[in-house]
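The residues making up each chain are set out below.
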Amino acid sequence: MTAVEERGRRGAGTWRDKLPQRAERPRRERKQEARFGAQFALTAWLSRPLASFHLVLAVTGTLTVIGIVMVLSASSPSSYDPATGSSVYAQFQKHLVFVALGAIVFLIGLRLPLKRIRALSSTAMVVCLGLLVMVLTPLGTKINGSQGWFVVAGFSLQPVELAKVALALWGAHILVTKYNLLHQWRHLLVPVVPVALLMFALVMAQPDLGGTITLGVVLLALLWFAGAPKRLFAVIFAGALVGAVVLAFAASYRLDRVTAFFNPSADPLGKGMQAQQALYAIAEGGFLGKGLVQGQSKWRYLPNVEHDFIFALIGEELGFVGCGVVIGLFGLLAVVGTRIATRNLDPWIRIVAGTLTVWVVAQAGINIGYVVGLLPVTGVTLPLISYGGTSLIVTMLLLGILANCARHEPEAVAALRTQGPGKFGRLLRLPAPDPYRPPTKRRGTPAGRSGSKSGRPTGRRVRTVEQRQERRRVNPERRRVPPQRAGRSGGRTSKRRGHR
């Protein structure tokens, strides 16, 4: 037998030996091993120190890109105006400017130290209250029936969006400062709830029901993450329900929205036009949609499609798959934000991360809810996807703060301070975060009162020198004394002391 035949025989034998072994393995076992392998890889990736930070960046970038594409598709018909010479890309170009400004604000929220942000929260609160008062004067501009904008050089500023951020940061600061006194109702509610109610009154004076609802979401999230009792939320929800009924009957256009919600087909060309056309657009999209730029609802069939009803255009052009991707991204943001809040040690960071996450996800849920007919129309935009403006810039600011909170997780702090800032941190020159140090109790501070403005320490209990001495005096057996110095603490006199 030649050498070539010998190699062929051995190769054939090896192939015949391996074939039965692969055939004998059940397909179910191979699928189970593949599934376990994917789960193990995902768990290993999520256990990395900067996984939360990278997820926030990925979700923010993906939603922003989807918003850019959908605004280009939605705003083209409404932007074209031959009388004024406006092109089909007029609103899209302004949206790109807002996205660029939002990216700068995102980097500011990411780079600015959290201690500095907390220190500026009180000043921001005062400024936002002043802006809410000034917008009701002739300095403000009335748009779509609400005097809630400052218009300068063609760009508008809505102070209620800034007030939401200020309320979240300042409210967390106050609640953490009074952490040890929150079991008392007056310390839990004052001054956060009265200031929030003042904001509600100023926003409703514009009037802006959507802004008031999102402010209420921020207040509820603050109280929830601060550990308020559940009976307080029952009282708040009852009061909110009564207030919603009163506000609905106080203005005719709000009553029209409520009646259109219960029976949108009663006036399909008037009060129920937006809700009805939004459902038609989503239904026509089917599973995969008609394709980008192929939607018909943006051709004046669905008013304000690039703002409040852009989710309907997503359903028409991208179908059920596109809607599922958007909802899945906001769901992922909810999981990541909750993860950041639970993994941090600083109570202020925990409250801020949880509140900002609830705010963004709840606003998205309200927008999607009234587009699909589950809620009355309130005029709340879809974060990062609707046409830009103050809402887009503020949303990117708070997501930058959320990413900053993600870099302050204990594992992330240890990795950044020992292994370096990484590629992204080196590119943006991000400073290394400082580890959290629980505050110590000041001398002479009465029992039950917090001696520091950083909040109640978590984890290991911190005792003062006086507490340690009292503990040793009451229970001397717990005192550990080295053998060579036992004579100093006992009743006998040591040899060294006797020589003296």
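Note that this is a predicted model, so its numbers are computed, not measured. (Residues numbered from 1 in each chain as written. Predicted model: local features only at pLDDT ≥ 70, side-chain atom pairs only at ≥ 80, totals over all residues. Heavy atoms only, no water.)

### What to know about the nonpolar core
The nonpolar side chains of soluble globular proteins are, as a tendency, buried together. Counting 103 residues, the largest nonpolar core has Trp348 and Ile385 as the members making the most contacts within it. With sequence-adjacent residues up to four places away left out, Trp348 is seen in contact with Leu114, Ile117, Arg118, Leu169, Ala172, His173 and Val176. (Core = buried A, V, L, I, M, F, W, Y, C linked by side-chain atoms within 4.5 Å. Buried < 20%, exposed > 50% of the residue type's maximum accessible area, 1.4 Å probe, protein only. Contact = heavy atoms within 4.5 Å.)

### Notes on the packing of helix 11 (residues 230–250) against helix 12 (residues 252–262)
With their axes 5 Å apart at the nearest point, helix 11 and helix 12 run at an angle of 115° to one another. One finds that helix 11 runs roughly perpendicular with respect to helix 12. For the pair helix 11 and helix 12, contact is made by Leu247, Ala248, Phe249 and Ala250 and by Ser252, Arg254, Leu255 and Val258, respectively. Of the residues belonging to the contact of helix 11 with helix 12, the class tally is six nonpolar, one polar and one charged. (Axes fitted to C-alpha atoms, helices over the stretch in contact; angles between N-to-C directions. Helix = DSSP H or I, 4+ residues; strand = E, 2+ residues; numbered from the N terminus. Parallel < 35°, antiparallel > 145°, perpendicular 65-115°, else oblique. Nonpolar A, V, L, I, M, F, W, Y, C, P; charged D, E, K, R; others polar.)

### Digging into the sheet that holds strand 3 (residues 155–157)
Within the open sheet, the three strands sit side by side as 1-2-3. Their pairing is antiparallel. Edge strands, defined here as strands with exactly one partner in the open sheet, are strand 1 (141–143) and strand 3. When the angles between neighbouring strand axes are averaged without regard to direction, this sheet yields 55°. Sheet topology places strand 2 (residues 146–152) next to strand 3; three bridges connect them, and they run antiparallel. Bridged to Val152 within strand 3 is Phe155. (Pairing = 2+ DSSP bridges.)

### A closer look at unusual backbone geometry
Note the cis peptide between Val190 and Pro191, where omega equals 5°. As for its placement among the helices and strands, Pro191 is situated in the loop between helix 8 (185–189) and helix 9 (192–204). Omega for the bond connecting Gln206 with Pro207 falls within 30 degrees of zero, at -5°, which places this linkage in the cis form. Looking at where Pro207 falls in the secondary structure, it is placed in the loop between helix 9 and helix 10 (209–225). Not every positive phi belongs to a glycine, and Val293 is a case in point at roughly 70°.

### Quick look at the packing of helix 13 (residues 273–285) against helix 14 (residues 310–343)
The interhelical angle for the contact between helix 13 and helix 14, taken along N-to-C directions, is 15°, at an axis separation of 6 Å. By the angle between their directions, the pair helix 13 and helix 14 is classed as roughly parallel. Read as a crossing pair, helix 13 and helix 14 show a hand that is left-handed. Residues Ala278, Ala281, Ile282, Glu284 and Gly285 of helix 13 form the contact with helix 14, whose own contacting residues are Ala312, Gly315, Glu316 and Gly319. (Left-handed = near helix turned anticlockwise from the far one by under 90°.)

### Side note on the pattern of salt bridges
Under the criterion given, the structure shown has seven salt bridges. Lys298 is the partner of Glu317 in a salt bridge, and the nearest nitrogen-oxygen pair spans 3.3 Å. Residue Glu317 is located in helix 14, and its partner Lys298 is located in the loop between helix 13 and helix 14; the two are separated by 19 residues in the primary sequence. Across the salt bridge formed by Glu411 and Arg343, the nearest N and O atoms sit 3.6 Å from each other. In this pair, Glu411 sits in helix 17 (residues 410–419) while Arg343 sits in helix 14, placing the two residues 68 residues apart along the sequence. Taken together, the shared-partner salt bridges in this structure form one network comprising Glu284, Lys290 and Glu316. (Salt bridge = Lys/Arg side-chain N within 4 Å of Asp/Glu carboxyl O.)

### Details of the side chain of Ser79
Structurally, Ser79 is set in helix 3 (residues 51–79). On the accessibility criterion, Ser79 (5% relative accessible area) is buried. Dropping the residues within four chain positions of it, Ser79 is found in contact with Ser86, Ser87, Val88, Ala90 and Gln91.

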